[in-house]
Amino acid sequence: MNRRAPLLAAVATITCLVGFGESVDAHIVYARPTLLSLVGGAELAVHATVLDPHAILTLEATGERRPIVRVELREVFKGKGEPGQELRFASHGHGVVEYAAGEEVLAFLVPLARSKELAALQAADLEWVSLQGDDARYLLAPAKREGVLAAVRGYAAAGRLSDPAARIESLRSVTLDLLTSGDSQLAGSAVRDLVATSDALVTAADVPRLLEQVVRSAKAAIGVRLGLLVELERRGLVAGAPLWEELLRSTPKPDLLQVVRAAGRHPSPRVNATLVEMLGQDDELAEAATLALGDPAHHGAVPALSKALQSDASRVRMGAIRALGRIGTPAARKALEVAARDNEDAATRRRAAAEVRTLTTGR
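Residues numbered from 1 in each chain as written. Predicted model: local features only at pLDDT ≥ 70, side-chain atom pairs only at ≥ 80, totals over all residues. Heavy atoms only, no water.

Novice: I'd like a rundown of the overall build of the protein, residues and numbers included.
Specialist: Scanning the protein from N- to C-terminus turns up 15 helices and 5 strands. In the protein, which comprises 363 residues, the proportion classed as buried is 49%. Taking the intrachain contacts of the protein between residues at least 6 apart in sequence as the baseline, contacts between residues at least 24 apart amount to 62%. Looking at the protein as shown, the accessible area adds up to about 16800 Å², and 51% of this sits on carbon and sulfur atoms. (Helix = DSSP H or I, 4+ residues; strand = E, 2+ residues; numbered from the N terminus. Buried < 20%, exposed > 50% of the residue type's maximum accessible area, 1.4 Å probe, protein only. Contact = heavy atoms within 4.5 Å. Areas by Shrake-Rupley, 256 points an atom, 1.4 Å probe, with all protein chains shown as cover.)

So, in structure tokens, the structure goes:
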């Protein structure tokens, strides 16, 4: 399965900063939206203070009551509005954002007419509906306010540029700032933008900074570090093998388990050898290493995995069985047949035999 497909479906034509289409249904976004996609999709993007997060709108014609949010605008990044102006918007769909009175937030809004579900609310002079679900809540706490606001201003400014090259360069500047911000929400958003577009949001000239401040930085969230490394490797901007080996050898637990799982999907002789060494570590790490080795590209690990079938830990033995089944070479199958016949543990014999049957019948 193409690992980029869900994000590509969710963030269309990122660089052109277009919207989400002519209407908004109950599932406003189909994967966690990025900050860039929210700015691009909104007709009104604002920094606001929540006045009433649980206001109620009653339709005179039907008596239907719908929750809305009432805010006071502080800054308008995109669209028409003035600081101090009050505004109301509706939220709908799954995972509606919960706000509290007094919070400073970002709101990304589209005209209510674009929502088939909520179009009837126009009769009550409500104009806006939010693009945000609870996975895109931007609460502007003091520690992160300026970084978030600078990013939104940058994205909005890029959207106003008519020259494609200038727009890309502007987006690149914002992307680099977010990746190196140390904020996991902002950096994660920027990584998803990289995955979703082929444009030059990072270049070879940016790689030293990104390696130092993100990939090799213990201060950055491990998911951001791994996601960025995967994308830099995919783009041909770094040689992945030595960096995966470096992370495997330098990352402390519990982050190391995530590194092991990710590194297994990027096989190389160096990664293979490092994962094999980990088979002799504690049970949790050894199990993770067996599963990471479960790929035909790790066929050189068959002898080590065969030895792991004799581990005292059941989780390591079962992991080794699954890995050998996924490798699926004649040598891997032979190791499973031996375990199915001779292993001292009955559960291991049964599981190895089942894996042999799967290799034989495909089921």
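From this point, the discussion proceeds with the structure in view.
Novice: Any details on the pairing of strand β3 (residues 86-90)? Residues and values, ideally.
Specialist: One ladder, built from 5 bridges, connects strand β2 (residues 65-78) with β3; its direction is antiparallel. Bridged to E72 within β3 is E86. As paired strands, β3 and strand β5 (residues 128-130) are joined by 2 bridges and run parallel to one another. From the neighbouring strand, A90 faces β5, where its bridge partner is V129. (Pairing = 2+ DSSP bridges.)

Novice: Can you break down the sheet that holds β3 residue by residue, with the values?
Specialist: One closed barrel accounts for 5 strands, arranged β1-β2-β3-β5-β4; its pairing is mixed. Across the sheet, the axes of successive neighbouring strands diverge by a mean angle of 55°, strand direction being ignored. Relative to β2, strand β1 (residues 44-58) is paired through 11 bridges, and the arrangement is antiparallel. Opposite V46, over in β2, you have V76 as the bridge partner. (Axes fitted to C-alpha atoms, helices over the stretch in contact; angles between N-to-C directions.)

Novice: I'd love a proper account of the nonpolar core, names of residues and values included.
Specialist: If you look at the biggest cluster of nonpolar residues, it comprises 93 residues, and the most contacted ones within it are L35, L106, F108, L228, V260 and L305. For L228, the residues in contact, after removing those within four places along its chain, are L179, V191, L194, L210, V214 and V215. Within the second largest apolar cluster, 15 residues are counted, among which are A48, V97, A107 and W128. (Core = buried A, V, L, I, M, F, W, Y, C linked by side-chain atoms within 4.5 Å.)

Novice: How would you summarise the packing of helix α7 (residues 222-234) against helix α8 (residues 240-250) if you had to cite specific residues and measurements?
Specialist: At their nearest, the axes of α7 and α8 sit 10 Å apart, and the two run at 165° to each other. In terms of their interaxial angle, α7 and α8 are classed as roughly antiparallel. When the axes of α7 and α8 are compared, the crossing they make is left-handed. On the side of α7, the interface is formed by R225, L226, L229, V230 and E233, while α8 contributes G240, L243, W244 and L247. Considering only residue class, the contact of α7 with α8 consists of 6 nonpolar, 1 polar and 2 charged. (Parallel < 35°, antiparallel > 145°, perpendicular 65-115°, else oblique. Left-handed = near helix turned anticlockwise from the far one by under 90°. Nonpolar A, V, L, I, M, F, W, Y, C, P; charged D, E, K, R; others polar.)

Novice: So, the packing of aromatic side chains: which residues are in play, and what are the values?
Specialist: In the structure shown here, the tally under the stated rule is 1 aromatic pair. Look at F89 and Y99: their rings are 6.4 Å apart centre to centre, the planes differ by 90°, and that puts the pair in the edge-to-face class. Here the residue F89 occupies a position in strand β3, and Y99 occupies one in the loop between β3 and β4 (104-111), the gap between them amounting to 10 residues. Residue F89 shares its accessibility class with Y99, and that shared class is buried. (Phe/Tyr/Trp six-rings, centres within 6.5 Å; stacked < 30°, edge-to-face > 60°.)

Novice: Which residues make up the environment of A204, and what values go with them?
Specialist: For A204, the position within the fold is in the loop between α5 (184-196) and α6 (207-215). Using a relative accessible area of 54% as the deciding quantity, one classes A204 as exposed. For the pair A204 and L237, spaced 33 residues apart in sequence, the C-alpha to C-alpha distance is 5.9 Å.

Novice: Before we move on, can you summarise the environment of I321 with the specific residues and values?
Specialist: Position of I321 relative to the elements: it lies in helix α13 (residues 314-327). Distance from I321 to G294, taken between C-alpha atoms, is 9.1 Å for residues 27 residues apart in sequence. In contact with I321, not counting residues within four places along its chain, are L309, L336, T348, R351, A352 and E355.

Novice: Can you lay out unusual backbone geometry for me, pointing to particular residues and giving the numbers?
Specialist: The omega torsion across K253 and P254 is 5°, close enough to zero to call that bond cis. Residue placement: P254 occurs in the loop between α8 and α9 (255-264).

Novice: Report on α8, specifying residues and quantitative values.
Specialist: Every buried residue of α8 is listed here: G240, L243, W244, E245, L247 and L248. Buried residues in α8 make contact with α6, α7, α9 and α10 (269-278).

Novice: Report on helix α15 (residues 346-361), specifying residues and quantitative values.
Specialist: End to end, α15 covers 23 Å across 16 residues, agreeing with the expected 22 Å (1.5 Å per residue, within 8%). Looking only at α15, the buried set comprises T348, A352, E355 and V356. Buried residues of α15, seen end-on, are gathered within an arc of 100° and therefore sit on one face of the element. Exposed residues pointing more than 90 degrees away from the buried face of α15 are listed as R350 and R357. Its side-chain oxygen 3.3 Å from the backbone nitrogen of A347, D345 forms the N-cap of α15. Just beyond α15, the residue with positive phi is G362, at close to 80°. (Expected span 1.5 Å × (residues − 1). Arc of directions from axis to C-beta. Polar contact = N/O pair within 3.5 Å; in protein donor to acceptor, adjacent residues only side chain to side chain.)

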